[in-house]
Amino acid sequence: MKSRHTYIPSDKNGIVVRSMIICAFLLTTCSSKSNEADKPWKPVAENMYLDILEIIEMQTKANYEKINLWQGKMDIVESEDYYGDNAAKRAYIDEKSRAASSKHIRRIVISPTAFAVDVVNDKLYSNLEPQVKYRAVDLDMNAPPNESIRYSRIRAIVTPQEYISYEPDHNFGYSDSILVSARVSGKAAFLEPPEKAKDRLGGDIRDPRMFFDFGKNKKIWETISTRRKVLLTEGNIKIAGYPHLNIAEIDADGHTQYQITTLYRDSHDYVKVKLVVDSSVGYNAIKQEMIDDGIPRISVKLTYEKIGDVFVPKTFHKILLNSEGKCIFDSRITLTKSIINKPISEKTFTYKNLGLQNGVRFVDNIKRIEYWYENGKLVPASEKIQN
């Protein structure tokens, strides 16, 4: 599993902590168990599999393609758990505190977030405002982080051409990336190639389009399409004596839910992935599970709201468990406001929406030019220094 943090220290004048906040909710120990009773799933005849997969593929894609513009707000409440003798060290807890002896540290992050997406032109604006605290769960006390750890609000813009970020609570010290005023410590925004944003998406850059994902950076209909093609070309192959694909259904208050179970071998383990879709919400996913060699590892649940004729996620709950069945993160997200296909100002996806103040540096690392923000404009830093 990838690290969820990237720490970029500067000199004594400042430290930048890039917090990849893919952690989780719950002040109590989290659990992947469902409160719902087991449903009486009925096997679907295998000759119906292709038709069912085609319906899911077509319906989910058609629903998503109705979204041209999407803006709103989400409340994110997440936590990440560290266990063992080095739990406090891995969570960067102050070594001088009593919490440094803890064997179970929980990092709790509450992040109100505003977003805007131009789906057609692939443009994203995200404004995340994290509030972070640490708990030594086993000692029942707050755990102070190392004094070098700092968190900031982050405003980010990602387009096919560029990635712009501004962390207004950080001062940037001496850095090779500051082109002209390298010996100045202060606030700075950065323009980078768009691929620089990839490691932060889903962390401190939130994109609501990800709620439609299923699989590795694929939308649900793309993954379903791949499985349908495999079924067409290779049939329902056997893995360890069991069908690669299995579909079951249930009638739930007049609408149909399908449970699609895929079995495959990953390295030396047998992995089972379950997807549950519901016809009442456009056949979108309401539940996803991943079981690795018989051990539950990932659980995702979603609910939706209908805006006009479009279904968009309303709540998202994701849990990750380690190989011992312990929760390592639990994420609860509520989209408190979604506005679909209403005009979004083009300025939303430019530096003018970063909330820069006079004197903030703006470093273009694509063109290798440094500016200073002044009265709504970017003035070349070379001119400011000469004056």
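Think of each chain on its own: its residues are numbered from 1, step by step along the sequence as written. Local features in this predicted model are restricted to residues whose pLDDT is 70 or higher, and side-chain atom pairs enter the listing and the counts only when it is 80 or higher, whereas totals over whole chains, interfaces and linings include all residues. The basis for the side-chain values is all heavy atoms of the structure; hydrogens and waters are excluded.

1. Structural notes on the overall build of the chain
A tally of helices and strands in the chain yields four helices and 23 strands. Throughout, a residue-residue contact means that at least one pair of heavy atoms, one from each residue, lies within 4.5 Å. Taking the contacts inside the chain whose residues are at least 6 apart along the sequence as the reference set, 61% of them involve residues at least 24 apart. A 1.4 Å probe and the Shrake-Rupley method give the accessible areas. Residues count as covered only by the protein chains that appear here. If you sum the accessible surface of the chain, you get close to 19,700 Å²; carbon and sulfur atoms cover 48% of it. Counting from the N terminus, the helices are DSSP H or I runs at least four residues long and the strands are E runs at least two residues long.

2. Here's the deal with the confidence of the model for the chain
Residue-level confidence of the predictor is summarised by pLDDT, bounded by 0 at the bottom and 100 at the top. Predicted confidence across the chain gives a mean pLDDT of 87, with 86% of residues reaching 70 or more. Note that pLDDT drops below 50 for residues 1–37; the model gives that stretch 115 contacts with residues more than four away or on any other chain.

3. Side note on the pairing of strand β11 (residues 188–192)
Buried residues dominate β11, accounting for five of its five residues. Type-normalised accessible area, obtained with a 1.4 Å probe on protein chains alone, sets the label of each residue: buried when under 20%, exposed when over 50%, and partly exposed for intermediate values. The side-chain alternation of β11 yields two buried faces, one formed by Ala-188, Phe-190 and Glu-192 and the other by Ala-189 and Leu-191. Following DSSP output, two strands are said to pair if at least two bridges run between them. In this sheet, β11 lies alongside strand β10 (residues 163–166) in antiparallel orientation, the contact comprising four bridges. By the bridge assignment, Tyr-163 is partnered in β11 with Glu-192.

4. Focus on the packing of aromatic side chains
Stacked, tilted and edge-to-face pairs are distinguished by plane angle, under 30 degrees for stacked and over 60 for edge-to-face with tilted covering the rest, among Phe, Tyr and Trp rings (Trp via its six-membered ring) whose centres lie within 6.5 Å. Applying the stated criterion across every chain yields a total of nine aromatic pairs. Members of the aromatic cluster, joined through ring pairs, are Tyr-64, Trp-70, Phe-115, Phe-212 and Trp-221.

5. Re helix α3 (residues 220–234)
The terminal C-alpha atoms of α3 lie 21 Å apart, and with 15 residues this matches the ideal 21 Å at 1.5 Å per residue to within 8%. Residues of α3 that are buried: Ile-220, Trp-221, Thr-223, Ile-224, Ser-225, Arg-227, Arg-228 and Leu-231. Against α1 (49–64), β14 (245–252), β15 (255–266), β16 (269–278) and β17 (284–292) lie the buried residues of α3. Directly after α3, the chain includes Gly-235, whose backbone phi takes a positive value near 75°. Working rule for helices: expected span equals 1.5 Å times residues minus one.

6. Considering the pattern of salt bridges
Think of it this way: side chains of opposite charge can pair up when their charged atoms draw near. Whenever Lys or Arg places a side-chain nitrogen within 4 Å of a carboxyl oxygen from Asp or Glu, that contact is recorded as a salt bridge. Summed over all chains, the structure comprises 16 salt bridges. Glu-78 is the partner of Arg-206 in a salt bridge, and the nearest nitrogen-oxygen pair spans 2.8 Å. With a gap of 128 residues between them, Arg-206 in the loop between β11 and α3 and Glu-78 in strand β4 (residues 69–83) connect regions that are remote in the sequence. The pair Arg-206 / Glu-78 is uniform in exposure class, with both members buried. As a salt-bridge pair, Lys-326 and Glu-324 come within 3.8 Å of each other at their nearest N and O atoms. Take Lys-326: its relative accessible area is 36%, and that puts it in the partly exposed class.

7. Brief notes about the nonpolar core
One finds Ile-67, Trp-70, Ile-220, Ile-247, Ile-260 and Leu-275 to be the most contacted residues of the largest nonpolar core, which totals 51 residues. For Ile-260, the residues in contact, after removing those within four places along its chain, are Leu-53, Ile-56, Ile-224, Leu-245, Asn-246, Ile-247, Val-273, Lys-274 and Leu-275. By nonpolar core is meant a set of buried Ala, Val, Leu, Ile, Met, Phe, Trp, Tyr and Cys residues that side-chain atoms within 4.5 Å join together. Grouped together as the second largest cluster of nonpolar side chains are 17 residues, Ile-164, Leu-191, Leu-356 and Phe-362 included.

8. Describing the environment of Lys-342
Locating Lys-342 in the fold gives a position in the loop between β20 (327–340) and β21 (361–364). As a C-alpha pair, Lys-342 and Leu-69 span 273 residues in sequence and 6.5 Å in three-dimensional space. Those residues in contact with Lys-342, other than ones at most four positions away along the chain, are Leu-69 and Gln-71.

9. Notes on the side chain of Asp-204
Tracing the sequence through the fold places Asp-204 in the loop between β11 and α3. Classification of Asp-204 by relative accessible area gives buried; the value is 3%. Within the local environment of Asp-204, its side chain forms a polar contact with the side chain of Arg-200, the two groups lying 2.8 Å apart. What qualifies as a polar contact is a pair of N or O atoms within 3.5 Å, subject to a donor-acceptor requirement within protein and to the restriction that residues adjacent in sequence count only when both atoms come from side chains.

10. Some points on α1
Look at α1: 23 Å from first C-alpha to last across 16 residues, which is about the 22 Å you get at 1.5 Å a residue. Within α1 the residues assigned to the buried category are Tyr-49, Ile-52, Leu-53, Ile-56, Thr-60, Asn-63 and Tyr-64. The buried residues of α1 occupy an angular sector of 110° when projected down its axis, which confines them to one face. As used here, the arc is the angular range of directions from the helix axis to the C-beta atoms.

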